[in-house]
Amino acid sequence: MFPSRANKHLHRLLTQCKRQQYGDVTTRKASRLVLGIETSCDDTGAAVLSEEGTILGEYLISQKEVHLRTGGIIPSVAQQLHREHIERVVQEALDRSGVDPGQISAVATTVKPGLALSLGVGLKFSLDFVRRHHTPFIPIHHMEAHALTVRLLQPVSFPFLVLLVSGGHSLLAVARGVDDFVLLGRSLDEAPGDTLDKVARRLSLIKHPRCSTLSGGQAIELLAKDGDRSKFAFTTPMGQMYDCCFSFAGLRNQINMTIEKKEAAEGIERGTLLSCVNDIAAATQHTVACHLAKRTHRAILFCKANGLLPSDTPTLVVSGGVASNEYIRKALGVITMATDLRLLCPPAKFCTDNGVMIAWNGVERLREGKGILPPHADVSYEPKAPLGIDLTSQVKAAAIQVPPIRINIKRTSA
Ligand code: KG4
Ligand code: ZN
């Protein structure tokens, strides 16, 4: 976790270079620096970014392996682990950036949405920090941060369409500005990452020799590479609903019933690995991909019909943990190809939760002077927080029919 001796030496040299580049508090015409802190779910992350978007230092401790062993996130355990890690994570991000707390121009922290007990740890730590160092505070909406991360990596101007798919969320929105979003669709029940995690648990993939340390989504993607999706025909959800919302609970039910039938046919107990596990993984992944692709297709057509996207380089950004799935990216690529959109997916490291995306959202807000609070402001966290102006009923009323497009992604064996 911490750097070895040789690494430490290299680290000191890099820190010196950064100090020369960004100056010491006493000597430089300062580039403003933002410390970002993320604790909304099961990752404790921190990062320091310059106003120009250079990542000066970052650090992340993931709790995912712990929660994998307990069969899901137990909020009180997540809270305890955030408490144990937060000081070290923030200190390591500061050390790696070669920046002292007094040099930080603003602290940006996720305050919504997320697990109450987890959000509380990051918020308390941040408020103590800003009060001690007299630093402005920028409260961050976690989904807004996921949506804007792409702009740290490459120039993408507003407006653009964004699909956010993770363990806690699935939504389609138009990002029109740093704090200006229009919501086109959201999940009516569970999020796709949650569904994949639950299916993986039902299949006992943790017992699979190739999957024991992988998240549900990663395990399903890996096994699907050696599976035949046509062995199981799951119905794509919400075929008769002409809106852009998502639903995954019914699909999970279909999959669970299939698993039960197969267990009975093979004469094995629940908790034993099925012989057809690769095929179930492939069919599950395909159906999730088709559902996401169909709703996104309708969102694109709605945006086109209502002039919500620019005619010059209209863009779809896909992010969140589930967006690291190559098959899902390819399925969305089929849709963007057919509709002449540019598809952008940040690399997996930036799709999952991290401190960099929170610091970047802080930079975007600092640049525009939006949502910056004094250190003694009264701030509380919000476990539930919708994103932007809700247009979901207008999308439903438009009832746009999507022309059929075959999602036929070739298998690439693992
Ligand atoms: O964004 P994230 O790190 O945390 C939040 O939920 O906010 O996303 C984690 C989710 C988990 O449900 C995990 O199973 C899923 O993303 N995931 C994947 C893949 N990697 C992670 N789902 C599908 N394919 C993947 N390769
Ligand atoms: Zn997230």
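As the structure is a prediction and not an experimental result, all values here were calculated from the model.

**Looking at the pattern of salt bridges**
Side chains that differ in charge, positive against negative, can pair when their charged atoms come close. For the structure shown, the criterion picks out 17 salt bridges. Here D228 and K231 are joined by a salt bridge, their closest N and O atoms 3.9 Å apart. Residue K231 is classed as exposed on the basis of its relative accessible area, which comes to 53%. For D243, the salt bridge identified is with R295, shortest N-O distance 2.6 Å. One end of the pair, D243, is in the loop between α8 (216–224) and α9 (249–266); the other, R295, is in helix α10 (residues 277–305), and 52 residues separate them in sequence. According to the relative accessible area criterion, R295 is buried, its value standing at 2%.

**Some details on the domain arrangement of the protein chain**
Domain assignment breaks the protein chain into domain 1 (5–154 + 353–383) and domain 2 (167–349 + 390–398). Distance between the C-alpha centres of domain 1 and domain 2: 29 Å. Listed by partner, the interface residues are 20 residues for domain 1 and 19 residues for domain 2. For the domain 1 and domain 2 pair, buried surface summed over both sides reaches about 1600 Å², with 69% attributable to carbon and sulfur atoms. Per-residue buried area on domain 1 facing domain 2 is highest for L68, M143 and V150; these three make up 28% of the total on that side. Applying the counting rule to domain 1 against domain 2 returns two salt bridges.

Cut-offs applied
- All chains use their own residue numbering, which begins from 1 and follows the written sequence.
- Starting at A for chains and at 1 for ligands, labels are handed out in the order in which the entities are written.
- Residues qualify for local features only when their pLDDT is at least 70, as the model is predicted, and side-chain atom pairs are given and counted only at 80 or more; totals for whole chains, interfaces and linings, by contrast, use all residues.
- With hydrogens and water stripped out, all remaining heavy atoms of the structure feed into the side-chain values.
- Every case where a carboxyl oxygen of Asp or Glu lies within 4 Å of a side-chain nitrogen of Lys or Arg is listed as a salt bridge.
- Relative accessible area decides the class of each residue, using a 1.4 Å probe on protein chains only: under 20% of the type maximum gives buried, over 50% gives exposed, and in between gives partly exposed.
- A helix here means a DSSP run of H or I that spans at least four residues, while a strand means a run of E at least two residues long, and both kinds are numbered starting from the N terminus.
- Segment limits for the domains were obtained from an automatic or database-derived domain assignment.
- Contacts: residue pairs with any heavy atoms within 4.5 Å of one another.
- Here the quantity called buried area is the total loss of accessible area, with a 1.4 Å probe, experienced by two parts when brought into contact, counted for both.

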